[in-house]
Protein chains: 2
Amino acid sequence: MTSADTRVPEPVVWAHGTLRILDQRLLPDTVAYEDQADVRSVAAAIRDLKVRGAPAIGIAAAYGLVLAAQQGEDLEAAAATLKAARPTAVNLAWAVDRVRAVAADPDAALNEAQSIHAEDRAICRAIGSAGRHLLRDGATVMTHCNAGALAVSELGTATAPMYLAHDAGVEFRVIANETRPVLQGARLTVWELDRAGIDVTLACDSAAGRLMAEGAVDLIIVGADRVTANGDVVNKIGTATLAILARHFGIPFYVACPSSTFDPDTPCGADVEIEERSGDEVRQWPGLEVAAHIPARNPAFDVTPHELVSAFITDRGLLEPPFQQTLTALRRTP
Amino acid sequence: MTSADTRVPEPVVWAHGTLRILDQRLLPDTVAYEDQADVRSVAAAIRDLKVRGAPAIGIAAAYGLVLAAQQGEDLEAAAATLKAARPTAVNLAWAVDRVRAVAADPDAALNEAQSIHAEDRAICRAIGSAGRHLLRDGATVMTHCNAGALAVSELGTATAPMYLAHDAGVEFRVIANETRPVLQGARLTVWELDRAGIDVTLACDSAAGRLMAEGAVDLIIVGADRVTANGDVVNKIGTATLAILARHFGIPFYVACPSSTFDPDTPCGADVEIEERSGDEVRQWPGLEVAAHIPARNPAFDVTPHELVSAFITDRGLLEPPFQQTLTALRRTP
């Protein structure tokens, strides 16, 4: 166990026959795990964003179907309930289908869910190994949103190189962008990195260009929700802006993600429909509504063109341009 | 009087011998003017951002020195107190020096401050005339922070072309960036434009790149706190990022400012010390502290290199590159 393992709580825990989910909506004020009674409470935790991040959602749903199998529930209905909780989450359906295939036997179901969880930890560790050499003593890395332990398991994706470098004694700093509108950077990333003893500084998204101009940023590592066949990156709103700024200032821009994030069936980023979330997220703050009746645009993701990506940090190693060939080769040699 | 005149309150008012400053921190919920007792309360109002925007700060400081003259205070000390309230604001020092030169006579001081105020209104109108043709039917203009009536007087600077085009019946839209950390866009710009009947949409700063990539932005108009001799623009944090994005997407980027904002004595943006404000602005929200003990960077301004500016919209007309020659010519023919 590395030090990071013990310091950052996992978002989903199966222990002594009980499934526990960390309610991330309460962070950083309260670290509260909720015991899950049945598949319906797991679906509600996913729907209500208590658990977030594609891999963590998949793991939670896998264990949710285990509960259904153990309690003798209708497995088809249980699988449908879980899938409906976040219909756009590809990992969720994938994890549920994988457990469903063996769920006639509850022990096999648990074994499969635990395999998914263990594979995810191993993938994060491989991403960390592929990227940790990018962090050198004195370096400052900027990250966006939360592609950390809280979104995945154990080491996270964008954070995995940071946790491994920190464990190896490398002295680097992290600048975490607050990531409006939902503030995953300010609420989650700074909390988990600080808890692990990593030197982290918070900044507004709008300050990123200035910090780069000052020479305060040596590299950028972000996560990805989806990578299309040509290497375009769909990720949290603001990611593409960082990539354009990084190119302008000559700063390397890395995308850390499991190879399962590569989507060979979607040619390029323009083919991905970007979720537009409620304008209330932009207009409202806890305790303050800033522009009650004003229309607000709130695209949740953006597309970073592949030509702005220096390399992908993956569980299959560091992938460098040209990405189309690299990703195709990756798919041909599973 | 145009419709805009009657709808948007002025930030600084001298009436019946009393200086009143609108506390913009309370907008949009409360429209409250505060009577100023002396030069120290004016300096505090500037320091605490009750009044903000370079021209409005200059006007407030000019009247602040009038109070000092009327109350028989040490004028050198009063001028120093005012100048120290916001060291980046070049207009502040300029306005204070102008009143200081005649302040031995309190009536002359008041006359000079009122001249500065009246000139400022005329300048805004001239900026509007220079820039209103840039707004055509169907256009969408993005703006940042608040370089509006609230920051200046009457028509504002970046907003002056918008108010005049709106009065002329041009149908355009505005996207206002919320402008973290102090949310001048979300609290002030959308409020004053909406009050004037202009179609305005709010967006997070991090969404600007995505909106440009979608083709949702036709041009950008921002204000400036200071323009150096070579045309570099010192303005609210996030401005330079917009300029870099605009260049990337081939969108024109305009800076609207009075010619007094040009500072011929400072060669370039790198010579300007950027104010670093308290990290509390980044960490704290009304009702929520997101990262209590985490360090936070909070540069208040950034530098937009002159080569990213399409043109300056000024009271002396539209100034196009090369700026060094244009600005020198401007200074030689006052």
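Thresholds, definitions, all that
Residues numbered from 1 in each chain as written. Chains lettered and ligands numbered in written order. Predicted model: local features only at pLDDT ≥ 70, side-chain atom pairs only at ≥ 80, totals over all residues. Heavy atoms only, no water. Helix = DSSP H or I, 4+ residues; strand = E, 2+ residues; numbered from the N terminus. Buried < 20%, exposed > 50% of the residue type's maximum accessible area, 1.4 Å probe, protein only. Contact = heavy atoms within 4.5 Å. Areas by Shrake-Rupley, 256 points an atom, 1.4 Å probe, with all protein chains shown as cover. Buried area = accessible area lost by both parts, 1.4 Å probe. Salt bridge = Lys/Arg side-chain N within 4 Å of Asp/Glu carboxyl O. Polar contact = N/O pair within 3.5 Å; in protein donor to acceptor, adjacent residues only side chain to side chain. Pairing = 2+ DSSP bridges. Least-squares fit on C-alpha atoms with pLDDT ≥ 70 in both.

Q: Is there a simple way to think about the overall build of chain A in this case?
A: Along chain A, the regular secondary structure elements total twelve helices and 17 strands. Projected onto the principal axes, the alpha-carbon positions of chain A cover approximately 60 × 55 × 40 Å. Counting every position in chain A, which comprises 334 residues, the buried fraction comes to 59%. Long-range pairs, those at least 24 residues apart, make up 73% of the contacts in chain A with a sequence separation of at least 6. Put simply, chain A shows about 12,400 Å² of open surface, and 49% of that area lies on carbon and sulfur atoms.

Q: What exactly am I supposed to notice about the interface of chain B and chain A here?
A: How big an interface is tends to be stated in terms of accessible area lost as the parts join. At the junction of the two partners, chain B supplies 48 residues and chain A supplies 47 residues. Of the roughly 3,900 Å² buried between chain B and chain A, counting both surfaces, carbon and sulfur atoms make up 67%. Among the residues chain B hides against chain A, the three largest losses belong to Ser-206, Arg-210 and Arg-297 of chain B. Together they make up 17% of the total. Taken together, the connections running from chain B to chain A amount to four salt bridges. Measuring nitrogen to oxygen at the nearest pair gives 3.0 Å for the salt bridge that ties Glu-214 of chain A to Arg-297 of chain B. Linking chain B to chain A there are 14 residue pairs in polar contact (both at pLDDT 80 or more). Only helix H8 (184-195), strand E6 (199-203), helix H9 (208-213), helix H10 (239-249), helix H11 (280-283) and strand E14 (301-304) of chain B provide two or more residues apiece to the side of chain B that touches chain A.

Q: What is the right way to read the sheet that holds E14 of chain B from this model?
A: What holds strands together in a sheet is hydrogen bonding between their backbones, with the strands either parallel or antiparallel. Residues and elements named next belong to chain B. Taken in spatial order, the four strands make up an open sheet running E11-E8-E9-E14, and their pairing is mixed. Among the strands making up the open sheet, the edge pair consists of strand E11 (262-263) and E14. Where strand E8 (residues 226-228) lies against strand E9 (residues 233-236), two bridges are found, and the strand directions are antiparallel. Directly across from Arg-226, in E9, lies its bridge partner Val-234.

Q: Please clarify how the pattern of salt bridges should be interpreted in this entry.
A: Side chains carrying opposite charge are able to pair once their charged atoms draw close together. Residues and elements named next belong to chain A. Across all of its chains, the model carries 41 salt bridges over all chains by this definition. For Asp-263, the salt bridge goes to Arg-226, with nearest N and O atoms at 3.1 Å. Here Arg-226 lies in strand E8 (residues 226-228) and Asp-263 lies in strand E11 (residues 262-263), a separation of 37 residues in the sequence.

Q: I keep staring at the relation of the copies chain B and chain A and nothing clicks. Help me out?
A: For the match of chain B to chain A, the screw axis carries a shift of 0.5 Å, the RMSD comes to 1.3 Å, and the turn is 176°. This pairing of chains is accounted for by a two-fold axis.

Q: Looking at this structure, how should I read unusual backbone geometry?
A: With the exception of glycine, the majority of residues adopt a negative phi angle, and the majority of peptide bonds are in the trans configuration. In this structure, Pro-28 of chain B follows Leu-27 of chain B across a cis peptide bond, with omega equal to 0°. Mapped onto the elements, Pro-28 of chain B comes out in the loop between strand E2 (18-22) and strand E3 (33-35). Going from Pro-321 of chain B to Pro-322 of chain B, the amide bond is cis rather than trans, its omega being 0°. Considering the arrangement of structural elements, one finds Pro-322 of chain B in the loop between strand E16 (317-319) and helix H12 (323-332). Unlike most non-glycine residues, Leu-49 of chain A shows phi in positive territory, near 65°. As for its placement among the helices and strands, Leu-49 of chain A is situated in the loop between helix H2 (39-47) and helix H3 (54-70).

In short, shape yes, function no, at least from these values alone.
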